[in-house]
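Next come the chains, spelled out residue by residue.
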Amino acid sequence: MLSWSCRQSETEVNLGAIAAGRGDPGLPLGADLVRFASAAASVRGDRAEMTAAREALINSGGKAVMIDAAAVAANFHMMTRLADGTGARYPATRLEEMAPVIDEMGASEMSSRRSG
């Protein structure tokens, strides 16, 4: 979604920073949003880092921005669970379209909890 919206608005974005979970992707509040998203998605559940990331985002963007970011993270988590639960898969043609972004993000190197 981010790569699509950046293409539509002709905005440059460093997807590598997003994939790494640190750094500035070149978007407003980008470094703080990446930190927040990384803390929210962490399988380690580091509460201290989540608290620090949340506070940093509130300091840079305000409480409403942090709440919006949390809602987006929760929505992505929900969508993934729904897709996994129903066995949904991307059609091959869509995967081909997404290949450049998948490569840039290093997503092909990520392991999945889903088999097959």
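Since we're looking at a predicted model, the values are computed, not measured.

Looking at the pattern of salt bridges
A full pass over the atoms with the stated rule returns 2 salt bridges. Put simply, Arg35 and Glu49 hold a salt bridge, and the shortest N to O gap is 2.7 Å. Here Arg35, found in helix α3 (residues 30-41), pairs with Glu49, found in helix α4 (residues 47-61); they are 14 residues apart in sequence, far enough to count as distant. Take Arg35: its relative accessible area is 30%, and that puts it in the partly exposed class. Ionic pairing is found between Glu97 and Arg94, a salt bridge with its closest N-O pair at 3.2 Å. Here the residue Glu97 and the residue Arg94 both occupy positions in helix α6 (residues 92-105), the gap between them amounting to 3 residues, near one helical turn.

Conventions used here
- Residues numbered from 1 in each chain as written.
- Predicted model: local features only at pLDDT ≥ 70, side-chain atom pairs only at ≥ 80, totals over all residues.
- Heavy atoms only, no water.
- Salt bridge = Lys/Arg side-chain N within 4 Å of Asp/Glu carboxyl O.
- Helix = DSSP H or I, 4+ residues; strand = E, 2+ residues; numbered from the N terminus.
- Buried < 20%, exposed > 50% of the residue type's maximum accessible area, 1.4 Å probe, protein only.

These values are about where atoms sit, not about what they do.
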